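Coordinate analysis (summary)
If you want the building blocks of each chain, they are given just below.
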Amino acid sequence: ERKSEACMVVRNRHDLFSNHAEMSDMDTGRAHGTLVWASQANTLPAAFWAVVHTHQDAHVIDALRKEISSVIRSKKGFESWKLGEALPTFSVD
């Protein structure tokens, strides 16, 4: 039953590893752990370089600002917000 809660990537990998008798449960666990480690280890550098490359192109920055601004202004309470201003705050009460 818990298998159905796993994401499709993990389910597919589990099915693949299960069909290979030469892989022990320990080997399967190591393979899953390696996937998790690799995905986490590569996320930060990829995000960093995406930000660097984005900031190197003024046209990209302008397009992002326009898109973000339009999304924020479409939200209730943000209609009069202008780029560069602090975002309004709301009480949770």
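Here the structure is a predicted model, which means the values were calculated and not measured.

The subject of this paragraph is the overall build of the chain. Check the secondary structure of the chain and you find three helices and zero strands. Reading the chain from its N terminus to its C terminus gives the helix and strand order α-α-α. Counting the 93 residues in the chain, one finds 10% classified as buried. Once local pairs closer than 6 in sequence are excluded, the contacts in the chain between residues at least 24 apart make up 3%.

Glancing now at the side chain of His32. Looking at the element boundaries, His32 is found in helix α2 (residues 25–55). Setting aside residues up to four positions removed in sequence, His32 forms contacts with Val10, Arg13, His14 and Phe17.

Let us look at α2. In an α-helix there are 3.6 residues to a turn, and that puts residues three or four apart on one side. Its 31 residues give α2 an end-to-end C-alpha distance of 46 Å, which sits within 8% of 45 Å, the value for a rise of 1.5 Å per residue. Along its length, α2 shows its largest kink, about 30°, at Thr43, and proline Pro45 lies within four residues downstream of that point. Regarding α2, the residues found buried are Thr28, Ala31 and His32. Where the residues of α2 are buried, they touch α1 (8–18).

Relative to the helices and strands, Phe17 is located in helix α1. Since its relative accessible area comes to 10%, Phe17 is described here as buried. Between the C-alpha atoms of Phe17 and Thr28, which are eleven residues apart in sequence, the distance is 6.4 Å. Discounting chain neighbours no more than four positions away, the residues touching Phe17 are Met23, Thr28, Ala31 and His32.

Now for the packing of α1 against α2. Between α1 and α2, whose axes approach to 11 Å, the crossing angle comes to 150°. In terms of their interaxial angle, α1 and α2 are classed as roughly antiparallel. Read as a crossing pair, α1 and α2 show a hand that is right-handed. In contact with Val9, Val10, Arg13, His14 and Phe17 of α1, α2 contributes Thr28, Ala31, His32 and Leu35.

This paragraph deals with the side chain of Thr28. Position of Thr28 among the secondary structure elements: in helix α2. Once you skip the residues sitting within four places of it in the chain, Thr28 turns out to touch Phe17 and Met23.

Moving on, we get to a nonpolar patch on the surface. A surface patch of nonpolar side chains, amounting to about 230 Å² of accessible area, comprises Val60, Leu64 and Ile68. Among the structural elements, Val60 can be located in helix α3 (residues 58–73).

Definitions and limits used
Residues numbered from 1 in each chain as written. Predicted model: local features only at pLDDT ≥ 70, side-chain atom pairs only at ≥ 80, totals over all residues. Heavy atoms only, no water. Helix = DSSP H or I, 4+ residues; strand = E, 2+ residues; numbered from the N terminus. Buried < 20%, exposed > 50% of the residue type's maximum accessible area, 1.4 Å probe, protein only. Contact = heavy atoms within 4.5 Å. Expected span 1.5 Å × (residues − 1). Bend = angle between axes of the 7 residues up to and from the residue. Axes fitted to C-alpha atoms, helices over the stretch in contact; angles between N-to-C directions. Parallel < 35°, antiparallel > 145°, perpendicular 65-115°, else oblique. Left-handed = near helix turned anticlockwise from the far one by under 90°. Patch = residues over 30% accessible without salt bridge, like charges linked within 9 Å, V, L, I, M, F, W, Y side chains within 5 Å. Areas by Shrake-Rupley, 256 points an atom, 1.4 Å probe, with all protein chains shown as cover. Salt bridge = Lys/Arg side-chain N within 4 Å of Asp/Glu carboxyl O.

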